Amino acid sequence: MQAKFDFQDTSTSLSETLRGLIKGIQGPTVSLRDLMERIGEQGLLLVCAVAALPFLIPVSIPGVSTVFGAAIILISISITLNRMPWLPAKILDRELDTKKLLPALHKGANIVSRLDRFLKPRLRALTIGTTINRLNGLAITLAGVLLMFPLGLIPFSNTLPGIAILLLSAGILQRDGAIVLVGHLFNVITIVYFGILAYAAFSAGQGLATFFS
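Notes on the structure follow. Model, not experiment: these values are computed from the prediction.

The number of helices and strands found in the protein chain is 9 helices and 2 strands. Taken from N to C terminus, the helices and strands of the protein chain fall in the order α-β-α-α-α-α-β-α-α-α-α. Put simply, the protein chain has 213 residues, and 46% of those count as buried. The long-range share in the protein chain, meaning contacts at least 24 apart out of those at least 6 apart in sequence, stands at 78%. Per element, the accessible surface of the protein chain, about 11000 Å² overall, is 65% carbon and sulfur.

Packing of helix 1 (residues 14–23) against helix 6 (residues 98–115) leaves a shortest axis separation of 9 Å and a crossing angle of 165 degrees. Between helix 1 and helix 6, the crossing angle belongs to the class labelled roughly antiparallel. Handedness of the crossing formed by helix 1 with helix 6: left-handed. In this structure, helix 1 contributes L14, S15, L18, R19 and I22 to the contact, and helix 6 contributes L102, L105, H106, A109, N110, V112 and S113.

Right, let's talk about a nonpolar patch on the surface for a bit. A contiguous nonpolar patch, built from L185, V188, I189, V192 and I196 and spanning about 430 Å² of accessible area, is present on the exposed surface. Inspection of the secondary structure puts V188 in helix 9 (residues 177–212).

A separate point is the environment of K107. Tracing the sequence through the fold places K107 in helix 6. Look at K107 and you get partly exposed, because its relative accessible area is 47%. Counting along the chain gives 51 residues from K107 to L56, while the straight-line C-alpha distance between them is 8.5 Å.

This part covers the side chain of S76. Tracing the sequence through the fold places S76 in helix 4 (residues 64–81). Given the relative accessible area of 0%, S76 is considered buried. Of the polar contacts made by the side chain of S76, one reaches the side chain of T141; its length is 2.6 Å. Setting aside residues no more than four positions away along its own chain, S76 makes contact with G137, I140 and T141.

The tally for this structure, following the rule as stated, stands at 1 salt bridge. Between D176 and R122 there is a salt bridge, and its shortest N-O distance comes to 2.7 Å. In this pair, D176 sits in the loop between helix 8 (159–173) and helix 9 while R122 sits in the loop between helix 6 and helix 7 (130–147), placing the two residues 54 residues apart along the sequence. Owing to a relative accessible area of 0%, D176 belongs among the buried residues under this scheme. Residue class for R122 comes out partly exposed when judged on its relative accessible area of 28%.

Time to look at the nonpolar core. Counting residues in each nonpolar core, the largest one holds 54 residues, and the members touching the most others are L14, L32, F68, I140, I165 and L166. Those residues in contact with I140, other than ones at most four positions away along the chain, are L45, C48, I72, S76, I165, L168, S169 and I172.

What follows deals with unusual backbone geometry. At L123, a residue that is not glycine, the phi angle is positive and equals roughly 45 degrees. Structurally, the position occupied by L123 is in the loop between helix 6 and helix 7. The residue R175 is not glycine, and still its phi comes out positive at about 55 degrees. Positionally, R175 belongs in the loop between helix 8 and helix 9.

Criteria and thresholds
Residues numbered from 1 in each chain as written. Predicted model: local features only at pLDDT ≥ 70, side-chain atom pairs only at ≥ 80, totals over all residues. Heavy atoms only, no water. Helix = DSSP H or I, 4+ residues; strand = E, 2+ residues; numbered from the N terminus. Buried < 20%, exposed > 50% of the residue type's maximum accessible area, 1.4 Å probe, protein only. Contact = heavy atoms within 4.5 Å. Areas by Shrake-Rupley, 256 points an atom, 1.4 Å probe, with all protein chains shown as cover. Axes fitted to C-alpha atoms, helices over the stretch in contact; angles between N-to-C directions. Parallel < 35°, antiparallel > 145°, perpendicular 65-115°, else oblique. Left-handed = near helix turned anticlockwise from the far one by under 90°. Patch = residues over 30% accessible without salt bridge, like charges linked within 9 Å, V, L, I, M, F, W, Y side chains within 5 Å. Salt bridge = Lys/Arg side-chain N within 4 Å of Asp/Glu carboxyl O. Polar contact = N/O pair within 3.5 Å; in protein donor to acceptor, adjacent residues only side chain to side chain. Core = buried A, V, L, I, M, F, W, Y, C linked by side-chain atoms within 4.5 Å.

As structure tokens, this is what we get:
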């Protein structure tokens with residue numbers, strides 16, 4: 001039987017934790033397994049936060065969306081079920097180019113360092129308890145699904161769900177219910193944005209059909 005877990009309070013800032021993790025990445029490639037082996041007790045949420053970093057800036061890194069998006073979904077499902085995650089070896093051992101990945105992680109950590117100023121324990125009821133963990137886990141799962149939509153070339157299609165994942169993960173880690181609420185809001189914004197894109201594509205298709213008929 002898989003072990004249950006709970007998220008313990010932490011006094012270390014998220015950016016400090018991320019920079020320590022990034023500093024330890026060595027060699028020409030790195031895998032998700034390597035990253036998880038360097039992460040401590042808050043590993044699940046920290047992996048989600050790290051996986052969201054490359055999507056906070058307009059950069060395309062081959063394979064990252066698939067590997068990190070799938071990992072976020074599987075890990076968040078584990079959070080929802082209150083169980084330690086199982087991840088397939090294909091995802092854990094996929095080698096990613098550190099020369100392309102590290103700059104994105106550093107820039108993402110710089111963004112998180114600005115977020116640290118706003119992170120503080122508040123509205124703790126939105127970050128504690130089995131039911132709340134499940135709700136927040138489902139929200140991260142939703143953001144992970146939205147992140148994997150094949151819309152990478154469309155502005156903000158990856159950035160908006162990436163922000164949602166980062167805010168939800170950071171808010172839970174730092175017991176900041178206000179940041180968690182903003183993370184839920186970014187999920188709603190992403191869904192509305194995708195709806196607008198879908199409507200625009202449908203309208204364009206209708207227009208073309210009318211033109212050619």
